[in-house]
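# A look at the structure
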Amino acid sequence: MGRLRSFLSGERIDATTPPPYLLHVRSSRLFILTTICIAVATDTFLYGMIVPVIPFALSSRAGVAPSSVQSYTSILLAVYGAALLVCAPFAGFYADRSSSRRLPLLGGLLALAGATLMLCLARTVSLLVVGRLLQGASAAVVWTVGLALLVDTVGQAEIGAVLGWTSISMSVSILSAPLLGGVVYQKAGYYPVYYMAFGLIALDILLRLLLVEKKLARQWLPEEFPELDEISDPEKTAVEKPGEVAPEVLNTLAPTSEQPPLARPLSKYPPVFTLLKSRRLLAALWGCIVQMTCMTAFDGVIPLFVKETFHWNSTGAGLIFLAFIIPTFASPVVGWASDKYGPRWLTVSGFTLAIPFWVLLRFVTHDSQGQKVLFCALLSLIGVALTLAMPPLMAEITYVVEAKERESPGRFGKTGAYAQAYGLFVTALAAGTLIGPVWAGYVRTAAGWGTMSWSLGLFGLSAAVPCLIWTGGLITEINAKTGEERAAGRPSE
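Here's a quick rundown of the structure. (Residues numbered from 1 in each chain as written. Predicted model: local features only at pLDDT ≥ 70, side-chain atom pairs only at ≥ 80, totals over all residues. Heavy atoms only, no water.)

This next bit is on the overall build of the protein chain. A count of helices and strands for the protein chain gives 23 helices and zero strands. Expressed as a percentage of the 493 residues in the protein chain, the buried residues total 57%. Split by element, the accessible area of the protein chain, about 19,900 Å² in all, is 69% carbon and sulfur. (Helix = DSSP H or I, 4+ residues; strand = E, 2+ residues; numbered from the N terminus. Buried < 20%, exposed > 50% of the residue type's maximum accessible area, 1.4 Å probe, protein only. Areas by Shrake-Rupley, 256 points an atom, 1.4 Å probe, with all protein chains shown as cover.)

Another aspect to go through is the nonpolar core. Core analysis: the biggest nonpolar cluster contains 128 residues, and M49, W143, F298, F375 and F425 have the highest contact counts within it. Non-local contacts of F375, meaning those with residues more than four positions away in its chain, are made with I302, F305, V306, F310, I320, L361, V364 and W449. Core analysis: the next-biggest nonpolar cluster, separate from the first, contains five residues, L23, L216, A217 and W220 among them. (Core = buried A, V, L, I, M, F, W, Y, C linked by side-chain atoms within 4.5 Å. Contact = heavy atoms within 4.5 Å.)

With respect to the helices, strands and loops of the structure, L353 is situated in helix 19 (residues 344-360). Taking relative accessible area as the criterion, L353 reaches 44% and is therefore assigned partly exposed. Sequence-wise, L353 and A464 are 111 residues apart; in three dimensions their C-alpha atoms are separated by 10.0 Å. Excluding residues within four positions of it along the chain, L353 makes contact with A385 and L388.

Turning our attention to empty space enclosed by the protein. For the coordinates displayed, the defined rule picks out six cavities of 30 Å³ or more. There is about 110 Å³ of room inside the largest cavity. Along its surface, the largest cavity is lined by I50, V53, I54, A57, L58, R61, A62, L76, A122, L128, Y190 and Y194. Contributions of two or more residues to the lining of the largest cavity are made by helix 4 (54-60) and helix 9 (190-210). When residues in the lining of the largest cavity are grouped by element, the largest group, three residues, is from helix 4. In this structure, the second largest cavity spans a volume of roughly 90 Å³. Together, T44, Y47, Y80, L84, W143, M170, I174, M292, T296, L429 and T433 line the second largest cavity. (1 Å grid on protein atoms, 1.4 Å probe; cavity = no way out; pocket = protein on both sides within 12 Å on 5 of 7 lines; lining within 4 Å. Points joined across faces, edges and corners; volume = space filled by probe spheres on them.)

Our next topic: helix 15 (residues 279-309). The end-to-end C-alpha separation of helix 15 is 43 Å, in line with the 45 Å expected for 31 residues at 1.5 Å each. Most of helix 15 sits out of view: 26 of its 31 residues are buried. H311 occupies a position one or two residues after helix 15 and carries a positive phi of about 60 degrees. (Expected span 1.5 Å × (residues − 1).)

Here's what the structure looks like:
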């Protein structure tokens, strides 16, 4: 029983406990990054896999009338976001107090497996809704805990570039899933679509069982990860920096009554309330809501739009998402630029550049070769613009926690607040996932394709303004931009 507990938690039982096999590989940065990227990709793939399938499955399996298919499609996409919205803060709160990030990840996997099985077998709308709710709960755990684990692993200075890879896995899976789902459904039928899902889940199980967190690997290899003292100990990170005097040296100096205490007393309330007081964080979260609203808006309307306008089947409905996917491969470069030059102008440029392309979508109205080329080109340009915004917004969450910790060392305790911060980030993504399909679906039904497209463009402007003012720190102040400047302690709020 002890060995089982050790295997699940990763904690060493006693001095005689042997290290896990291939410990160096299983605790390496590359392996952990790969595992989290695949975990995120699996969750988002299962979200988008059934996008081109839903309109056809609702009619053939659940007996929904054709006039109600658009409404139920939007509802099934939105309830996923609702579950994500509710569960993400609780997942973050639990993860920051858990001794291991691994157990919550495994729990999220169980929810994912159950949700996928339920969706596969469901023949009623109610069961489809319950399955989507479970998918959302699973995604809340994976996103929140996974992103916090990445911060634990790589530290703060390089988090933008690393999150760029996570952004790729999210974007590629959420947008390639409709492509693969549509092709497989058209060529092989309903159940083979879910065979892909079960294969991904099996791979996810294997990787999550093999993963060993660096802080746990340090039980056997303390000399391999000396930097974890600074990554995992907020108080030490806030004080011991290159060029500064170490605490033990400070202790030898004569104390004065004017010296401030190292850290304020910890609040009795969870760190999430402190984080929500930051206008900088709120601006980043609003940007995430707008970003995800724009991305998921396509999921609810493009399959039906291309079916009605271009007379494409589910294969064509899936293939069109390629135009949106390809630009996301630049995400690591954008994340690196955010680490080096700061997140403000990348984010603002992304939201601003997308506006004219959203508006121009209104001119795609009929079936012709030129209209198809225009549609693909506009989707690609919107993809480029949104790619500029997402990695910096993800990294900004880490930057804000870092700034708050530096402002008052130790305020979030030994475990920090990264999981709770990314719980808020996932909540923002969930809100966007909830808003996007409903907005696009109902506006298109009530006012048409053109109104839907320009309204989403204006919505993007609502993110550009607060991000201009607060992202990276208040625009009227001198703020740290690079990882080196943040590490040196320059003001960032």
